[in-house]
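These are the residues of each chain, in order.
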Amino acid sequence: MKILFFDSHRYERLVFDGVSAHFEHHIDYLDVRLTEKTAPLAAGYDVICAFVNDRVNAEVLTILAQGGVRLVALRSAGFNHVDLEAAHKLGVRVVRVPEYSPHAVAEHAVALLLGLVRKIPRAHARVREGNFSLDGLEGFDLFGKTVGVVGTGRIGRAFAKILLGFGCQVFAYDQSPDPQLAQAPGLRYVSLAELFSSAKIISLHVPLTPSTKHLIDDQALSRMQDGVILLNTGRGALIDTRALIDGLKTGKVGGAALDVYEEEEGVFFEDLSNQVLQDDILARLLTFPNVLLTSHQAFLTHEALVNIAETTLKSVSEYAQGLPLTCEVQVSRAGSAPRLGG
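A quick note: this is a predicted structure, and the numbers were derived from the prediction, not measured.

### Considerations on the overall build of the protein chain
Reasoning step 1: Check the secondary structure of the protein chain and you find 12 helices and 12 strands.
Reasoning step 2: Scaling as 2.2 N^0.38, a compact globule of 342 residues should have a C-alpha radius of gyration of about 20 Å, and the protein chain matches this with 21 Å.
Reasoning step 3: Projected onto the principal axes, the alpha-carbon positions of the protein chain cover approximately 60 × 50 × 35 Å.
Reasoning step 4: Burial analysis of the protein chain (342 residues in total) assigns 51% to the buried set.
Reasoning step 5: Put simply, 66% of the contacts in the protein chain that link residues at least 6 apart link residues at least 24 apart.
Reasoning step 6: Here the protein chain displays about 16,000 Å² of accessible surface, and carbon together with sulfur accounts for 50% of that area.
Reasoning step 7: Considering the protein chain, the positive charge centre built from 32 side chains and the negative charge centre built from 39 side chains are found 4 Å apart.

Okay, here's the thing in structure tokens:
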């Protein structure tokens, strides 16, 4: 099969080239993101491989189908950026990587949390400048704190177990509670309302759907305790960024550790160090000393990249051989993600 990668990066190419030795596929890589303008570049390819910030809407899919593409392979678990209805109508099938390394994302979330509450980036910057003062670096213990975990899929479960190891009390919310996780000492499933009102730290691990967009907004923040710490390693639009900024300004939000941002397309994964940042909301967010932001790198471990490559190329092989697609995203799944309510 001829595969064209969009929005590819050196660290991915090295891994995919290594894994592809076990598969009989031809791979070409492009740096550019998939958009209406770049979609014609896929003419003559059987498969395109897209990442989270690629645009896979109806117009793009139409262009891809006209050029001969019959399979869209996502190098991600999320598929909210794909018009599944349009793909189905055009006869284009869609596969994803449902699990690459839940531990990678969960561990990054914990790293962000520790970095934020112990002020690690600020302390590191100080000592690099020869300033060994401790003024303004006071943090707090995680031990004994109540941590809210919204969504207990693979990543949420891994995150919850790590926090239990820190001696935290974990309040979990999911419309389909995990019976085994529910037996863990120190963890209790509660309503979303109770989680919001009780947790000192809240971490989001749910997919982005119409029902979860802006799950954290002004109303949700008003139900939380003052000084709440928010973590998001899921999807940027789970949080209303304007509401978050207002919460940071008033002190309702004591800090935010984020690996995602709702308008990250065209910003994250790019080197903009020699440019003026055009996103005023993101620029404002970056001015807060109690915000720790990374650019969607939670997945970025060697183990995860190998899993992504193996799963993606296995899906392409299944398609080429006419086998059932193990990781296919069905149209009906677009609206079937858990609906989160109060």
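### Here's the deal with the environment of Ala77
Reasoning step 1: By the element assignment, Ala77 lies in the loop between strand E4 (71-74) and helix H3 (84-90).
Reasoning step 2: Considered as a pair, Ala77 and Leu230 are 153 residues apart in the sequence and their alpha carbons are 22 Å apart.
Reasoning step 3: Ignoring anything within four residues of it in the chain, the contact list for Ala77 reads Arg96, Val97, Pro98 and Tyr100.

### Topic: the sheet that holds strand E5 (residues 93-95)
Reasoning step 1: Ordered by their spatial adjacency, five strands build an open sheet running E2-E1-E3-E4-E5, and the pairing between neighbours is parallel. The strands lining the two open edges of the sheet, one partner per strand, are strand E2 (26-29) and E5. The mean inter-strand angle of the sheet, taken between neighbouring strand axes irrespective of direction, is 20 degrees.
Reasoning step 2: Two elements, strand E1 (residues 2-5) and E2, share four bridges in a ladder whose sense is parallel. Each bridged residue has a counterpart across the sheet, and for Lys2 the counterpart in E2 is His26.

### Quick word on empty space enclosed by the protein
Reasoning step 1: Enumeration according to the criterion identifies three cavities of 30 Å³ or more in this entry.
Reasoning step 2: As for the largest cavity, its lining consists of Phe51, Val52, Arg75, Ser76, Ala77, Gly78, Tyr100, Arg235, His296, Phe299 and Ile308.

### Considering the confidence of the model for the protein chain
Reasoning step 1: With 97% of its residues at a pLDDT of 70 or more, the protein chain has an overall mean of 93.
Reasoning step 2: Below pLDDT 50 for its whole length, residues 333-342 participates in 26 contacts with residues either more than four positions away or in separate chains.

### Quick look at the packing of aromatic side chains
Aromatic rings in a pair are described by how distant their centres are and how their planes are angled relative to each other.
Reasoning step 1: In total, this model carries four aromatic pairs according to the counting rule given.
Reasoning step 2: Following the ring pairs from residue to residue traces out a cluster consisting of Phe5, Phe16 and Tyr29.
Reasoning step 3: We note Lys2 situated over the ring of Tyr45; from NZ or CZ to the ring centre the distance is 4.7 Å.

### Observations regarding the nonpolar core
Reasoning step 1: Within the largest apolar cluster, 33 residues are counted, with the highest numbers of intra-cluster contacts made by Ile3, Tyr100 and Phe299.
Reasoning step 2: Listing elements by their share of this core, those giving two or more residues are E1, helix H1 (10-19), strand E3 (47-50), E4, helix H4 (102-117) and helix H12 (302-320).
Reasoning step 3: Excluding anything up to four places from it in sequence, Tyr100 contacts Ser76, Ala77, Val105, Phe299, Glu303, Ala304, Asn307 and Ile308.
Reasoning step 4: With 30 residues, the next largest nonpolar core counts Val150, Leu192, Leu215 and Ala256 among its residues.

### Considerations on the pairing of strand E6 (residues 146-150)
Reasoning step 1: Burial within E6 is extensive, with five of its five residues counted as buried.
Reasoning step 2: In E6, alternate side chains face the same way, and those of Thr146, Gly148 and Val150 on one face and Val147 and Val149 on the other are all buried.
Reasoning step 3: For the handedness criterion, the β-α-β arrangement of E6, helix H6 (residues 154-165) and strand E7 (residues 169-173) is classed as right-handed.
Reasoning step 4: Looking at chain direction, E6 and strand E9 (residues 201-204) are connected through four bridges and run parallel. Paired with Val147 across the bridge in E9 is Ile201.

Calculation notes
Every chain is numbered independently, its residues counted from 1 as its sequence is written. Only residues with pLDDT of at least 70 get local features here, since the model is predicted, and only at 80 or more are side-chain atom pairs given and counted; chain-wide, interface and lining totals rely on the full set of residues. Hydrogen atoms and water are omitted, and side-chain values are computed over all heavy atoms in the structure. Where helices and strands are cited, they refer to DSSP runs of H or I of at least four residues and of E of at least two residues respectively, numbered from the N terminus. Computation of the radius of gyration draws on C-alpha atoms alone. For the globule rule, the value is 2.2 Å times the number of residues to the power 0.38. Using a 1.4 Å probe on the protein chains alone, a residue whose accessible area is under 20% of its type maximum counts as buried, one over 50% counts as exposed, and one in between counts as partly exposed. Contact between two residues is taken to exist if any of their heavy atoms lie within 4.5 Å; hydrogens are not considered. Only the protein chains shown count as cover for residues, with accessible areas throughout obtained via the Shrake-Rupley method and a probe of 1.4 Å. In this charge count, Lys and Arg are treated as positive and Asp and Glu as negative; neither His nor the chain ends contribute. Just so you know, the charge point we use is NZ for Lys, CZ for Arg, CG for Asp and CD for Glu. If DSSP finds at least two bridges between two strands, the strands pair. Where helices are involved, their axes are fitted lines through C-alpha atoms of the stretch in contact, as for all axes, and angles between N-to-C directions lie from 0 to 180°. In this analysis, the protein atoms alone were mapped onto a 1 Å grid. Cavities are point sets where a 1.4 Å probe fits without being able to get out; pockets are open sets with protein on both sides within 12 Å along at least five of seven lines; lining residues have an atom within 4 Å of a point. Grid points are joined across faces, edges and corners, and a volume is the space filled by probe spheres set on the points. pLDDT is a per-residue confidence score from the predictor, ranging from 0 to 100. Each pair of aromatic rings taken from Phe, Tyr and Trp, with Trp reduced to its six-membered ring, is defined by centres within 6.5 Å and is described as stacked if the planes are under 30 degrees apart, edge-to-face if over 60, and tilted in the remaining cases. Only when the NZ of Lys or the CZ of Arg is both within 6 Å of the ring centre and within 35 degrees of the ring normal is a charge said to sit over the ring. As used in this record, nonpolar core signifies buried Ala, Val, Leu, Ile, Met, Phe, Trp, Tyr and Cys residues forming a set joined through side-chain atoms within 4.5 Å. Look down the strands so they point away from you; if going from the first strand over the helix to the second traces a clockwise path, that crossover is right-handed.

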